[in-house]
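# Summary of the model geometry
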Amino acid sequence: MQKRVRLPFFIGVAGGTASGKSLVTKKIIDRLETTAGKRKQVISIHLDSFYKELNEENLRKAEAGEYDFDHPEAFDFDYLIETLEKLDAGHSVQIPKYDPGLYARSGLITIQPADVIIVEGILVFYDDRIRDKFGMKLFVDTDADIRLARRVRRDVGQHNRPLSLVLQQYTRNVKPAFEEFCQPTKKWADVIIPRGGENDVAIDLLVQHIQDLLRTPRGSPDLEQDLARGASLEDTIE
Ligand code: ADP
Ligand code: C5P
Ligand code: MG
């Protein structure tokens, strides 16, 4: 029998810094949009948007490479779950746009409800309320040396940070927090993607599976529930 899913279908993408979460997410979205046509809308949300705002003292620490952006305390998980609940109920939401270069929010973006909502970030499986929202949980697993090399290139090249501070932040905070908080959440994953964005075989298999899940059979018991939640007939019938 064909499986059915409730829309929106939430997918979580976790993994260490620079593992390729954003690239995997982009590839999934591109391929779903190409193959599922205009009938399925797919969007992504980044956990960065839910960083707590820094007071002056913490901003100074951040600029000195001493603020721990990788600890669960750095994130406002209540705000994220509220946001996901609203999207689940079919409402559009405004979420902060985050600028890592400024260590701050840099405006708001409006997120419209969609058929598939991908939430990516280092700790998206950490809080069970968020974890439980996901119909599919992916963990991007990339070698730590490769992640460090990418991270250095990104922080020095794109964020203009001094190499010494990037390495200090990595050894003091990023690496220990990955081992304590992120790595253990791999156990919640349905699928572990080795090598991240370059793993086209895994990404193609996932896209195919997501399409199968989205193909709701006509007259299914979920149909009335989906319609009551505001989905159109076209959304619910393949
Ligand atoms: P994450 O979202 O997990 O932090 P990203 O997808 O943003 O990781 O990738 C981090 C950096 O590494 C980016 O600059 C990206 O362009 C680069 N990158 C990601 N995957 C690959 C890859 N397979 N090969 C080469 N560079 C990559
Ligand atoms: O995209 P990625 O998963 O790498 O984003 C999370 C990482 O961003 C964390 O490891 C954190 O140290 C880093 N970060 C940062 N500066 C900020 C916000 C986050 O270096 N202002
Ligand atoms: Mg990213």
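On a predicted model such as this, the values are computed, not experimentally measured, just so you know.

## As for the pattern of salt bridges
Counting across every chain of the model gives 16 salt bridges. A salt bridge links Asp127 to Arg129; its shortest N-O distance comes to 2.8 Å. The closest approach of N and O atoms between Glu179 and Lys175, which form a salt bridge, is 3.1 Å. Here Glu179 pairs with Lys175, and both are found in helix 6 (residues 163–182), just four residues apart, close to one helical turn. Note on Glu179: relative accessible area 45%, which makes it partly exposed. Classification of Lys175 as partly exposed rests on a relative accessible area of 37%. Among the charged side chains, a salt-bridge network with shared partners connects Lys27, Arg31, Asp200 and Asp204.

## Focus on the pairing of strand 6 (residues 136–141)
Buried residues dominate strand 6, accounting for five of its six residues. Where strand 1 (residues 9–15) lies against strand 6, five bridges are found, and the strand directions are parallel. The partner of Gly15 across the bridge, within strand 6, is Val140. For strand 6 and strand 7 (residues 191–194), the ladder comprises four bridges, and the chain directions are parallel. Following the sheet pairing, Asp141 is matched in strand 7 by Pro194.

Procedures and definitions
Residues numbered from 1 in each chain as written. Chains lettered and ligands numbered in written order. Predicted model: local features only at pLDDT ≥ 70, side-chain atom pairs only at ≥ 80, totals over all residues. Heavy atoms only, no water. Salt bridge = Lys/Arg side-chain N within 4 Å of Asp/Glu carboxyl O. Helix = DSSP H or I, 4+ residues; strand = E, 2+ residues; numbered from the N terminus. Buried < 20%, exposed > 50% of the residue type's maximum accessible area, 1.4 Å probe, protein only. Pairing = 2+ DSSP bridges.

Any link to function would need more than the numbers given here.
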